[in-house]
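Structural overview for review
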Amino acid sequence: MTTELGEVTIAQLQDDMAAGARSAAGTTEGYLAAIDTVDSALCSVIETNPDAPAIAEQMDRERAASQVRGPLHGIPILLKDNIDTDDRMQTTAGSLALLGSRPARDATVAAALREAGAVILGKANLSEWANYRSSKSTSGWSARGGQCRNPYDLSRNPGGSSSGSGAAVSANLAAAALGTETDGSIVNPSGACGIVGIKPTVGLSSRAGVIPISHTQDTVGPMARTVADAAAVLGAITMADGRDAATAAKGRKVHGDYRPFLDADGLRGARIGVARRGVSGYDDATDSVFEEAVRALRDAGAEVVDPANIPTVDGKRMGDSEMIVMQTEFKHGIAAYLSTRIVVNAALAQPRSLADLIEFNKAHAEQELVHFGQEQFERSQESGPLDGEAYLEALAEGRRLAAVEGLDAVLDLHALDALIAPTGGPAWPLDPEAGNAVHGGSSRFAAIAGYPLVTVPAGFVSQGSESGAGNDLPVGLTFMGRAWSEPALIRLAYAFEQITQVRRAPEL
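Residues numbered from 1 in each chain as written. Predicted model: local features only at pLDDT ≥ 70, side-chain atom pairs only at ≥ 80, totals over all residues. Heavy atoms only, no water.

1. Re the overall build of the protein chain
The number of helices and strands found in the protein chain is 16 helices and 15 strands. Taken against the 2.2 N^0.38 rule, which gives 23 Å for 508 residues, the C-alpha radius of gyration of the protein chain at 21 Å falls within 12% of a compact globule. With respect to the three principal axes, the spread of C-alpha positions in the protein chain is 60 × 60 × 55 Å. Sorting the 508 residues of the protein chain into buried and exposed places 62% on the buried side. Contacts in the protein chain between residues at least 24 apart in sequence constitute 77% of all its contacts with a sequence separation of at least 6. Entry remark: accessible area of the protein chain is about 17,700 Å², with carbon and sulfur atoms responsible for 50%. Side-chain charges of the protein chain comprise 43 positive and 63 negative groups, with the mean position of each set lying 3 Å from the other. (Helix = DSSP H or I, 4+ residues; strand = E, 2+ residues; numbered from the N terminus. Rg over C-alpha atoms; globule rule 2.2 N^0.38 Å. Buried < 20%, exposed > 50% of the residue type's maximum accessible area, 1.4 Å probe, protein only. Contact = heavy atoms within 4.5 Å. Areas by Shrake-Rupley, 256 points an atom, 1.4 Å probe, with all protein chains shown as cover. Lys, Arg positive; Asp, Glu negative; His and termini not counted. Charge placed at Lys NZ, Arg CZ, Asp CG, Glu CD.)

2. Topic: the environment of Pro 311
Looking at the element boundaries, Pro 311 is found in the loop between β11 (303-305) and α10 (317-338). Residues Pro 311 and Leu 407, spaced 96 residues apart in sequence, show a C-alpha to C-alpha distance of 8.1 Å. Pro 311 has contacts with Arg 277, Glu 405, Gly 406, Ala 409 and Val 410, leaving out every residue within four places of it along the chain.

3. Describing helix α6 (residues 163-170)
Extensive coverage of α6 is indicated by the burial of eight of its eight residues. Three or more residues of α6 are buried, namely Ser 163, Gly 164, Ser 165, Gly 166, Ala 167, Ala 168, Val 169 and Ser 170. Residue Asn 172 follows α6 closely and has a positive phi angle near 65°.

4. Digging into the environment of Gly 301
Checked against the element boundaries, Gly 301 lands in the loop between α9 (284-299) and β11. Relative accessible area serves as the criterion here: at 25%, Gly 301 is assigned to the partly exposed category. Beyond its immediate chain neighbours, meaning those up to four positions away, Gly 301 contacts Leu 267, Arg 268 and Gly 269.

5. Side note on the packing of helix α2 (residues 24-42) against helix α3 (residues 52-64)
Between α2 and α3, whose axes approach to 7 Å, the crossing angle comes to 155°. Considered as vectors, α2 and α3 are oriented roughly antiparallel to each other. Of the residues in α3, those touching α2 at Ala 24, Ala 25, Thr 28 and Leu 32 are Ala 52, Pro 53, Ala 56, Glu 57, Met 59 and Asp 60. Here the contact of α2 with α3 is built from residues that sort into seven nonpolar, one polar and two charged. (Axes fitted to C-alpha atoms, helices over the stretch in contact; angles between N-to-C directions. Parallel < 35°, antiparallel > 145°, perpendicular 65-115°, else oblique. Nonpolar A, V, L, I, M, F, W, Y, C, P; charged D, E, K, R; others polar.)

6. Points about the sheet that holds strand β2 (residues 76-80)
What the 11 strands build is an open sheet, ordered β1-β4-β2-β7-β9-β8-β14-β15-β13-β10-β11; its pairing is mixed. Edge positions in the sheet fall to β1 (45-48) and β11, since each of these pairs with one other strand and no more. Between one strand and the next, the sheet's axes are offset by a mean angle of 30°, whatever the strand orientation. Of the strand pairs in this sheet, strand β10 (residues 271-274) and strand β13 (residues 418-422) are connected by three bridges, and their pairing is parallel. Looking at the pairing, Ile 272 lines up with Ala 418 of β13. Here α6 sits on the sheet and contacts β1, β2, β4 (119-124), β7 (176-181) and β9 (219-224); the angle it forms with β7, its principal contact strand, is near 155°. (Pairing = 2+ DSSP bridges.)

Here's what the structure looks like:
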């Protein structure tokens, strides 16, 4: 699947625009044309921004006046449809329930992109409610956007919940995109769609104006075709924000530009641990790619500690604690978010609580509950208060097992710069009735601890499609580290990317 813009990078776009070989308006028009041409097959974009051409023209006028705002000036970027924009687009988390209201203002990250000169190109499809409504859901499906598909094989899932962000960027329908992650929702679709994803430390980017799941785990991050592009976007969204207390966390370490950490020789001398138990060994083809990645790290001069297993990886309690935390926080967080919405259509029901959303879905079951239910919503509705004993115990236990006795313990034991693990297995076949068939993943520890992840394409595996044809599907390699270790992870991921050069565009 190729477009007129192909695999062009953000740096190349900037060079071309500086030389007068391209314009922001022309680039935006090119991406909009590509969406019109191919996205009917992918369903990766819910809607395009009617103001995008005008924004691009304004950026061209500023450039002509030597007023270039930075590395994202005039760069078209998609936003996941759970990130508020105060414009003519809607923000719905893929749900029909939010069509009758609108955000009162931009999400802080959306406002930051505008300030950086980016052109907000449109809203990307997603797993409805960021894959939280049901434990039997199909990633990439939303009532509003339909079923998003994997650009490497349209019979396969793009991963979730930032499904459209991953599929669209991989298919060259935008220069980059923003996704959100609570547990795996940036890195999973990035791995499945063969792109780079950065899941920042919780508090590095603001969640204000982002439809929530968990205020202790939610984070917003970039998805792009290269580490350099993802680093350029990350630098634009790392502001402190009075609307989000997490951005005032003690010890917060932030950089306005992450591109200086791009070092092609960044693996030399780095100590990298290989996490195996519980996060690999679930798929022979993925394991083969993983072993090649480990060899590549050694060949590039890294000191590889193998194995460097996470001590608490076999514990079921951590997952149970995470579920209690998410159920409790979602119930309260979604009510607070819904209270900020402005009614624009009084004839439509205006949900103000989780209970309202549950009733809306029941009343519109033929559209909303056609493939799977809302048992996660219902369990969350039954959860207790944020000061309740069950919640506070689960929160403390999860952090202890994931961070102190988990990632921190193994990183300290071996004096590691980072851990690596497969991001997940290859994309699974679409089956709306059976739901997801995810096998393998390594995001949970960083999710619960609030620590960063960077996933980068590591290789391809041949799985075959429903039609019987063999299709090469991408799998990713995840680098994980301590809180605020984005510079180190970006350096390592960039060096790995440069020596392997795995990324290749999908073809329809």
